[in-house]
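# Architecture at a glance
Listed here are the chains, written in short residue letters.
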Amino acid sequence: MGEHGLAPGVGIAWRPETAWVASQRAQLAMTEVIAERVMRTMQVPLGLAPLIRRGVPIVPHGISLSLGGADRPDPERLDALSRVAELLGAPLVSEHICFVRADGVDVGHLTALPWTEEMLAVAIENVRIAQEALPVPLALENIASLFLWPDAEMTEVEFITRLLRETGAQLLLDVSNLYANARNHGTDAYAYIDALPLDQVAYVHVAGGVESAGLYHDTHAHLVDEGSHRLLEYVVASGYGGPVILERDDSFPDAIELHRELDVLEGILEEGSLIQTPVVAAHG
Amino acid sequence: MDKESEAARERIRSQQRSLAAGLTGAGPIPSGFDVESVQSAASALRCKKSRESERLEAWSSGDARGVGMGSPAMWAVPGTSGSWWSRMARRWFR
């Protein structure tokens, strides 16, 4: 079990549509809930309460702090996120390495950052402000993006690694976002994983996507691609031993299908733990 | 706050504002970006917002299952009414 009380195993991101599967799952390592949805009532959603009673760790997953924005994090949003964390007894909270607002305009999407020294300095300051305000540790997630900013001064993984090192934040590693970016931008996902401080990974996200018009879209509405499974295997073989969460946000399949997806992830965790040395993976 | 840090934030604000405008259709795609990729992202964003709008309509009309939003009761506060739910849904997904 890691320093934040998260045990190895499989979980599912809690949504009203996945609540039944989460409640049925005998072994549920953890779950997460969209923090902003809980903020609106500041009450535990009814379907989530049984998991709290079971002692399942619940992580509020923020989508609106805009930690990569030009503005410093909004104190009111941080206060609300703190109260959600306390309400749920959360061991940590998670957010994204992105911006969602620019000069007061809400983009409505997790939007990529420029990988520059200037951006890194601003992100470090923003993350530190958030950490000081939050009652629990913060984990930061890598996002998927269909485009890249021009004039990058470093790679994404260098940006993230330095951000983690400077702030001490944990990483929420989304292997499916990593997979999507590798497919769309031709980057080497395995080299990316090799460069990460895996001991700072709090937990891992896996989700489905689909290819459309030559681009791979991280939809959270399709089955998990085999490419994401392979990356998860590599992460586990490289020494990661924490929880893995399945995310699904749309076109929900029936419970049997969701259980099947979770079973596959469980198999990867179990098989991966038997691998003594990292697998030699085909890069690219 | 030192002036250099504030100047950096201003530059980033300007860059992000331009990109946000390009993504939301409020302005051109900033120079230097791969136009096709940003257009794909803008298109995906429009689809996402459209789906959210459909969900809101369906949810407000009580047809939550039709768009895969499950039971609103899972999110409900005990003792509140459907009209309360509709009001909250409109606020949340605006």
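Residues numbered from 1 in each chain as written. Chains lettered and ligands numbered in written order. Predicted model: local features only at pLDDT ≥ 70, side-chain atom pairs only at ≥ 80, totals over all residues.

### Observations concerning the overall build of chain B
- When helices and strands are tallied, chain B shows three helices and zero strands.
- Along its sequence from the N terminus, chain B presents helices and strands in the succession α-α-α.
- Among the 94 residues that make up chain B, the fraction classed as buried is 17%.
- A sequence separation of at least 24 residues applies to 24% of the contacts in chain B between residues at least 6 apart. (Helix = DSSP H or I, 4+ residues; strand = E, 2+ residues; numbered from the N terminus. Buried ≥ 20, exposed ≤ 12 C-beta atoms within 10 Å, placed from the backbone. Contact = placed C-beta atoms within 7 Å.)

### Brief notes about the environment of Pro30(B)
Residue and element names in this part refer to chain B.
- Of note, Pro30 is situated in the loop between helix 1 (3-24) and helix 2 (35-60).
- Residue classification places Pro30 among the partly exposed positions, given that 19 C-beta atoms sit within 10 Å.
- Spatially, the C-alpha atom of Pro30 lies 9.5 Å from that of Ala20, the residues being ten residues apart in sequence.
- Every residue in contact with Pro30, bar those within four places of it in the chain, is listed here: Ser18, Leu19 and Gly22.

### Here we look at helix 1 of chain B
- End to end, helix 1 of chain B covers 31 Å across 22 residues, agreeing with the expected 32 Å (1.5 Å per residue, within 8%).
- Of the residues trailing helix 1 of chain B, Gly25(B) is marked for its positive phi of about 80°. (Expected span 1.5 Å × (residues − 1).)

### A few points about the nonpolar core
- One finds Val204(A) and Val235(A) to be the most contacted residues of the largest nonpolar core, which totals 100 residues.
- With near-sequence residues (within four places) excluded, Val204(A) lies in contact with Leu173(A), Val175(A), Leu232(A), Val235(A), Tyr240(A), Val244(A) and Ile245(A). (Core = buried A, V, L, I, M, F, W, Y, C linked by C-beta atoms within 7 Å.)

### Things to note about the confidence of the model for chain A
- Model confidence for chain A is summarised by a mean pLDDT of 92, while 94% of its residues fall at 70 or above.
- Residue range residues 275-284 of chain A is modelled with pLDDT below 50. Its contacts to residues more than four positions away, or to other chains, number twelve contacts. (pLDDT = per-residue confidence, 0-100.)

### Considering unusual backbone geometry
Residue and element names in this part refer to chain A.
- Backbone geometry at Asp103 places phi at a positive 55°, although glycine is not the residue there.
- You can see Asp103 is positioned in the loop between strand 5 (99-102) and strand 6 (105-111).
- Residue classification places Asp103 among the partly exposed residues on the basis of 14 C-beta atoms within 10 Å.
- Although it is not a glycine, Ser251 sits at a positive phi angle of roughly 45°.
- The residue Ser251 is located in the loop between strand 12 (243-247) and helix 10 (255-274) in this model.

### Observations concerning the interface of chain B and chain A
- Across the boundary between the two partners, chain B contributes 33 residues, which contact 33 residues of chain A.
- Every element with two or more residues in the side of chain B that touches chain A is listed here: helix 1, helix 2 and helix 3 (82-92) of chain B.
- Looking at the side of chain B that touches chain A residue by residue, the class counts come to 17 nonpolar, nine polar and seven charged. (Nonpolar A, V, L, I, M, F, W, Y, C, P; charged D, E, K, R; others polar.)

### A word on the environment of Asn184(A)
Residue and element names in this part refer to chain A.
- Residue position: Asn184 is located in helix 7 (residues 175-185).
- Sequence separation of Asn184 and Ala144 is 40 residues, and the distance between their C-alpha atoms is 9.6 Å.
- Asn184 has contacts with Leu146, Leu215 and Tyr216, leaving out every residue within four places of it along the chain.

### Quick look at helix 9 (residues 226-237) of chain A
All names here are of chain A.
- The end-to-end C-alpha separation of helix 9 is 16 Å, in line with the 16 Å expected for twelve residues at 1.5 Å each.
- Within the sequence span of helix 9, burial applies to Ser228, Leu231, Leu232, Tyr234, Val235, Val236 and Ala237.
- The positive-phi residue at the C-terminal boundary of helix 9 is Gly239, with phi of around 120°.

### Brief notes about the packing of helix 7 of chain A against helix 9 of chain A
All names here are of chain A.
- The N-to-C vectors of helix 7 and helix 9 enclose an angle of 120°; their axes lie 9 Å apart at closest approach. Between helix 7 and helix 9, the angle is such that the two are oblique. As for how helix 7 packs across helix 9, the hand of that crossing is right-handed. Here Val175, Ser176, Leu178 and Tyr179 of helix 7 lie close against helix 9, whose contacting residues are Gly227, Ser228, Leu231, Leu232 and Val235.
- Residues belonging to the contact of helix 7 with helix 9 are distributed by class as follows: six nonpolar, three polar and no charged. (Axes fitted to C-alpha atoms, helices over the stretch in contact; angles between N-to-C directions. Parallel < 35°, antiparallel > 145°, perpendicular 65-115°, else oblique. Left-handed = near helix turned anticlockwise from the far one by under 90°.)

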